[in-house]
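# Topology and contacts: notes
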Amino acid sequence: MTTKLDEAAKQDFKAEVSEWIEAFDDVVAQDWEQGAELLSALRRRAREAGVPTPSELTTPYHNTIPKHDEVPYPGDRKLEKRVESLLRWNAMAMVHGQNKKDPGIGGHISTYSSLATLLEVGFNHFFRANYGDQPGDFIYFQGHASPGVYARAYLEGRFDEARLKNFRHELRDTPGLSSYPHPWLMPDFWNFPTVSMGIGPLNAIYQARFMRYLENRDLLKPTERKVWAFLGDGETDEVDSLGAISLGAREKLDNLIFVVNCNLQRLDGPVRGNKRIIDELEGVFRGAGWNVIKVIWGSDWDALFERDHTGLLLRRMEECVDGDFQTFKAKDGAFLRSHFFGKYPELLELVKDKTDEELLRLHRGGHDPAKIYNAYKRAMEHKGGPTVILAKTVKGYGMGTSQSRNATHNEKKLTDEGLAAFVKQFDIPIPEDAAKDGSFYRPAADSPELQYMQARRRELGGYLPKREVSKLDFKAPGLDQFGEWIRGSNNRAVSTTMGFVSILRHLMKDPAIGKLIVPIVPDEGRTFGLESAIKQVGIYAPEGQKYEPHDKDMLLSYREEQDGQILEEGITEAGSMASFTAAGTAYANYKVPSIPFYMYYSMFGFQRIGDMVWAFADSRGKGFLMGGTAGRTTMLGEGLQHQDGHSFVLSSTVPTCLSYDPGYVYELAVVVQDGIRRMYENGEDIFYYITMYNEDYAMPAMPEGVEEGILRGMYKLKAAASEATVQLFGSGTILNEVLRAQEILGTKYGVHADVWSVTSYTELRRDALAVERWNRLHPAEKERVPYLLTALGDAKGPIIAASDYMKSMPDSLSPWLPSRLVTLGTDGFGRSDNREHLRSHFEVDAQSIVGATLSKLAREGKFKAKAAQKAMEELGLKVDAVDPAKT
Ligand SMILES: Cc1ncc(C[n+]2csc(CCOP(=O)(O)OP(=O)(O)O)c2C)c(N)n1
Ligand SMILES: [Mg+2]
C-alpha cells in the first residue's frame with residue numbers, strides 16, 4: 001500500500017511520529033517492561049491489520065540496560081579492584097615465571113586478562129557454593145583462563161606458592177596444576193573440562209536441562225541454582241557452541257546463563273574483523289529465543305552518551321567494525337581521538353575536556369563491575385528462558401604493548417619493562433626485581449582486601465570451583481536379578497539388542513535403583529525396540545503431553561510426561577552425549593548416582609563425538625554407551641555410512657572406557673551387572689562401551705563358571721569333539737559364524753577346533769600390557785602371565801580370530817600370540833547388501849573362517865597345501881577377488 005502525501009501532510013505525519021515516540025518514551029521512563037509490552041501489542045495489532053512488521057533481531061550497539069535502570073553496585077569497589085589486581089598479577093606471574101624457568105611450557109594470560117572482572121563480579125556476588133544442603137552453582141570456565149582461577153585459589157589460601165610453581169609441572173613432587181580444567185587430574189578442584197572449544201557451552205545447556213529433569217523426577221530438590229557458562233567469542237564459531245541453543249529456550253531453562261567474553265579476538269586475529277561479533281551473536285541468540293543482555297560500554301561512557309543529544313556517538317560506533325575496535329585498543333588515546341572521535345567535529349568537541357590518557361581509559365562494559373553486576377542481576381531474575389550476556393572486553397587487558405594485538409593469545413611472557421609497567425599499573429607492592437622474576441604476591445590474611453574476599457565467599461557458601469564426591473549408599477542388584485537372561489531364550493530367536501532392552505526395562509522396575517536409570521536415545525528408540533519402555537516409563541517432557549497422541553488407543557502409544565524417564569533427544573548425537581555426560585557425572589555434581597544408558601547407532605558414536613567422550617572420561621563420567629546396530633556385516637542394507645567396523649578401535653583409545661562385544665545376552669547381562677557394581681557400588685571412575693546387534697538367533701543359557709572370562713575378555717565356549725589342533729576366536733554375532741566353521745572343519749575336513757568367545761580384545765590387551773610392564777620392571781622376579789595366556793592354557797595349534805570389527809582388534813594380541821594368530825575382520829568400506837553377501841565380501845563368514853584355518857594349517861605343514869587350495873574352491877571362496885580392505 002502506498003500513499004502519496006503532499007508536503008504539508010508529510011510534515012504533519014513527521015510531527016505525529018514524534019508525538020508517538022514521545023508518548024512511548026514516557027511509558028518507558030516509568031517502566032521499560034511496559035514499553036516492551038506496548039510495542040508487542042502494537043506489532044500484533046499491525047499484523048492483524050496486515051501491515052508488514054519485519055522483526056529485527058538486533059538492537060543498536062549499546063548496552064541493553066540503560067543507565068537509569070541500573071541498581072547501585074552493592075560491593076566495595078575499591079577492595080574488589082584491589083583483589084582483582086592481585087589476581088591479575090599472580091596469574092601473570094605464574095605463567096611468566098614458569099616460562100622463564102622452563103621455556104616453551106606455555107600457558108595463557110590474555111584470556112583471563114579479558115575475563116577477570118566478569119569472573120570477579122560472579123565470585124563476589126553471585127556464584128553460590130551451595131544452597132543449604134544442596135549443591136551450589138555450576139561454573140563452566142573458559143579453559144584458557146585457568147591461571148586466573150588458580151590465582152584466586154592462591155589468594156583464598158587454598159593453594160600455596162609451591163603449588164602455583166607447579167603450574168604445568170604435573171609430574172613433579174608437589175601436586176601439579178594442570179594446564180586447563182581437568183577433573184581427572186585435579187579431582188578435588190575442577191568439575192567441567194572446557195578447554196576443547198565448544199564442549200563447555202554444549203555441556204552446560206544439557207547440564208541445565210538435566211538439572212530440571214532431576215527436579216521434575218523428584219530426584220533433586222529445586223533451588224535457585226544456576227549453570228553459568230563462560231565462553232570465548234571465537235569459541236562460538238564451533239558448531240557445538242551454538243548448535244543446541246534452541247533447546248535452552250524450548251525447555252525454558254532459566255537456570256542457564258551464558259557469558260560470552262567478547263574480546264573480539266581469537267587465536268590468530270579478530271573474530272569478525274569486518275563485522276561486529278556482538279551484533280551477530282545477539283541476532284543468533286535472540287532468534288533462538290534467548291534473553292540477550294549486551295554489556296558494551298563502561299560507565300565512563302555514560303556521561304558522553306548523555307551529552308550527545310543527536311545520537312552521533314552511537315552512529316559513529318555503528319560505523320566501526322570489530323577490526324577498528326581492536327585497533328583502537330592496540331593504539332593510544334591520541335589515535336582514538338583522531339581516528340574515532342576525529343571523524344566528526346561534534347564528537348571531537350564532546351571529548352575536548354578529556355586528556356588522551358583519559359580517552360585510552362574509557363572502559364568497555366566487560367571491565368566495569370557495575371555494568372556486569374546489573375547484567376548478572378537481570379539474568380538471575382529472568383524467568384522463562386536462558387540468558388546470554390554479551391560482554392565486550394579487551395584481550396590482553398592491561399598487558400601494555402601486547403593488549404589487543406593479533407598475537408596476544410600466545411603471549412606467555414612480558415618483557416622486563418612490560419612487567420614493571422604491569423605492577424605499576426595494578427599497584428602491586430613488590431620491588432622491580434621481584435616483578436621481573438614473576439614473584440607472587442599475597443597480602444597478609446588479615447589485610448582488608450583478603451578479609452573482604454573471604455567474607456564474600458563465606459556469604460556465598462564457600463569456595464569455588466570445588467569437586468566433592470561423597471560415598472553414596474548404593475547396592476548393585478546381584479546377578480540373580482538377571483536370571484531370565486542368564487538362562488537363555490529357550491530357542492526363541494532374539495537379538496542382543498532385544499535382550500538388552502528387556503534388561504533395561506527390568507532394571508527400571510527395580511525398587512532400589514530403577515529411578516536412577518536414565519535411558520538416552522537420539523531418535524532411534526524404535527530401531528532398538530524401545531516402544532515398550534516408552535509406554536512403561538514415558539519420555540521426559542517438561543511440559544507434559546499437550547496433545548492427544550494419534551496412537552493413544554494402541555497398546556504401545558507415544559507417551560510424554562513431565563516426569564518421564566527416557567531422554568528422547570531428537571537427532572543429535574552430540575546433545576545426547578552431553579546428556580550422558582550430565583547424567584554420568586551426577587553422582588559427583590548432584591550426589592545423585594544416576595546411571596545413564598545411551599543407546600545409539602554405533603557408527604554415529606565415537607567417530608562423531610569422540611572429543612566429547614574424551615571429556616566425559618576426563619570428568620570421571622560413569623555409565624553405559626550402548627552401540628546399537630553394531631557391526632560392519634550385521635547391520636545389513638544400510639551401507640558405507642552406517643556399517644560400523646571400527647568403533648572398538650576408537651573406544652580402546654579412552655583409558656577409562658571398558659569395551660565389550662558380546663555375542664549372547666547372558667554375556668551382556670554379566671557385563672552390565674558387574675558394571676553397575678564397579679561404578680556405583682565400588683565407586684570406580686570407569687564407563688562401558690557395549691555393542692548391541694540386531695541379528696536374531698537363539699540365545700543359549702550361560703555355561704557354568706564363565707563370568708570371570710566374560711569380564712576379563714575371553715572364555716572357552718565350545719570345546720572340540722575330540723582333541724583340538726586349532727583354536728577359533730569369535731566375537732559378537734560373528735561367534736555364530738565361528739561355531740558353524742567349527743562344525744564344518746570337524747565334519748568335512750577332520751580338523752578339530754575349540755571355540756572361544758572373546759568379549760573384549762581391549763581388556764585382554766590392557767591386562768597383557770600391564771603384566772608385561774610389571775615383568776619389564778622386575779627382571780629378577782618370577783614372570784607373571786597375562787590372563788589371555790592363562791585362559792588359553794595348553795590349548796594347541798594356530799588361532800583364527802574373527803569378528804565384525806577391524807583386524808587390528810585381534811591383532812592387538814599378537815605380541816603374546818606370536819605366529820599363531822590369523823585375524824579376519826571387516827577392514828574397508830561397507831556396502832548395502834544382506835548379511836550373507838557382506839560376510840562373504842569381508843571374509844568373515846563360516847566358509848572364510850574354515851578357509852583361513854586350513855590355509856594356516858597348510859603353511860604349518862599340518863594339512864596338505866593342495867587340499868587346502870581345493871577346499872577354498874569347495875567353500876566358494878573367491879581367491880582372486882580384490883581385497884575388501886581396498887575396495
Ligand atoms: C576444539 C579446539 N580447537 C582449537 C583450540 C585451540 N584454541 C585454544 S584457544 C583458541 C582461541 C580462543 O578464542 P576465544 O574463544 O575468542 O577465547 P579468548 O581467548 O579470546 O577469550 C583456540 C583456537 C581448542 N582449544 N579447541
Ligand atoms: Mg575471544
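For the structure, check the block above.
Note that the structure is a prediction, hence the values are computed from the model and not measured. (Residues numbered from 1 in each chain as written. Chains lettered and ligands numbered in written order. Predicted model: local features only at pLDDT ≥ 70, side-chain atom pairs only at ≥ 80, totals over all residues. Heavy atoms only, no water.)

Attention now goes to the site of ligand 1. Taken together, 18 residues are adjacent to ligand 1, and Thr-111, Gln-142, Asp-233, Gly-234 and Lys-395 come closest. Partitioned by chemical class, the residues of the shell around ligand 1 number three nonpolar, ten polar and five charged. (Near = heavy atom within 4 Å. Nonpolar A, V, L, I, M, F, W, Y, C, P; charged D, E, K, R; others polar.)

On to the pattern of salt bridges, then. By the definition in use, this model includes 52 salt bridges. A salt bridge links Glu-84 to Arg-88; the shortest N-O distance between them is 3.0 Å. With a gap of four residues between them, Glu-84 and Arg-88 both fall in helix 3 (residues 77–101), about one helical turn apart. No difference in accessibility class separates Glu-84 from Arg-88, as the two residues are buried. Here Arg-158 ties to Glu-156 by a salt bridge, and the two come within 3.1 Å at their closest N and O atoms. (Salt bridge = Lys/Arg side-chain N within 4 Å of Asp/Glu carboxyl O. Helix = DSSP H or I, 4+ residues; strand = E, 2+ residues; numbered from the N terminus. Buried < 20%, exposed > 50% of the residue type's maximum accessible area, 1.4 Å probe, protein only.)

In this section: the coordination of the magnesium ion (ligand 2). For the magnesium ion (ligand 2), the full set of protein donor atoms is Asp-233 (OD), Asn-263 (OD1) and Gln-265 (O), and the range of their distances to it is 2.0 to 2.1 Å. Within one chain, the residues serving as donors to the magnesium ion (ligand 2) are arranged as D-x29-N-x1-Q. Of the two residues, Asp-233 is situated in the loop between strand 4 (227–232) and helix 8 (239–242) and Asn-263 in the loop between strand 5 (256–262) and helix 10 (277–287); the sequence distance between them amounts to 30 residues. Both residues of the pair, Asp-233 and Asn-263, belong to the buried class. (Donors = N, O, S within 2.8 Å, 3.2 Å for Na, K, Ca; no water.)

What follows is about the environment of Thr-762. With respect to the helices, strands and loops of the structure, Thr-762 is situated in helix 31 (residues 761–777). Assessed through its relative accessible area of 6%, Thr-762 is described here as buried.

Before going further, it helps to examine the pairing of strand 22 (residues 821–824). By the alternation rule, side chains of strand 22 split into Leu-821 and Thr-823 and Val-822 and Leu-824, which are all buried. In the sheet, strand 21 (residues 799–802) pairs with strand 22 via four bridges, with the strands oriented parallel. Among the inter-strand pairings, Ala-802 is bridged to a residue of strand 22, identified as Leu-824. (Pairing = 2+ DSSP bridges.)

Think of an α-helix as turning once every 3.6 residues; residues three or four places apart then point the same way. Helix length check: helix 2 (residues 32–48) (17 residues) gives 24 Å between terminal C-alpha atoms against 24 Å at 1.5 Å per residue, within 8%. A distance of 2.9 Å separates the backbone nitrogen of Glu-33 from a side-chain oxygen at the start of helix 2, and that oxygen is part of Asp-31. Backbone geometry just after helix 2 places Gly-50 at a positive phi near 80°. (Expected span 1.5 Å × (residues − 1). Polar contact = N/O pair within 3.5 Å; in protein donor to acceptor, adjacent residues only side chain to side chain.)

Let us now look at the packing of aromatic side chains. Between two aromatic rings, the relevant description is the distance of the centres plus the angle of the planes. On inspection of all chains with the given rule, the structure shows 57 aromatic pairs. Ring geometry for Tyr-61 and Trp-297: centres 6.1 Å apart, planes at 80°, overall edge-to-face. Placement of the pair is Tyr-61 in the loop between helix 2 and helix 3 and Trp-297 in the loop between strand 6 (291–295) and helix 11 (299–307), with a sequence separation of 236 residues. Trp-297 matches Tyr-61 in its accessibility class, with the two residues each being buried. Across from the ring centre of Tyr-61, 5.1 Å away, lies the NZ or CZ of Arg-276, which sits over that ring. (Phe/Tyr/Trp six-rings, centres within 6.5 Å; stacked < 30°, edge-to-face > 60°. Lys NZ or Arg CZ within 6 Å of the ring centre and 35° of its normal.)

Backbone hydrogen bonds hold the strands of a sheet together, and the pairing may be parallel or antiparallel. On the basis of which strands lie adjacent, the open sheet formed by six strands has the order 12-9-13-14-16-15 and parallel pairing. Edge positions in the open sheet fall to strand 12 (567–568) and strand 15 (657–660), since each of these has one partner strand only. For strand 14 (residues 624–628) and strand 16 (residues 687–691), the ladder comprises four bridges, and the chain directions are parallel. Looking at strand 16, one finds that Gly-627 is bridged to Thr-691. Across the sheet, helix 24 (residues 573–584) is in contact with strand 9 (517–521), strand 12, strand 13 (595–601) and strand 14; its angle to strand 13 comes to roughly 165°. (Contact = heavy atoms within 4.5 Å. Axes fitted to C-alpha atoms, helices over the stretch in contact; angles between N-to-C directions.)

Pairing within the open sheet is mixed, and its five strands lie in the order 18-20-19-21-22. Pairing within the sheet leaves two strands with one partner each, and these edge strands are strand 18 (714–718) and strand 22. Taking each pair of neighbouring strands and ignoring which way they run, the sheet shows an average axis angle of 25°. Where strand 19 (residues 726–730) and strand 20 (residues 753–758) come together, five bridges link them in parallel fashion. If you follow Gly-730 over to strand 20, its bridge partner there is Ser-757.

These results come straight from atomic positions and should not be treated as a statement about function.
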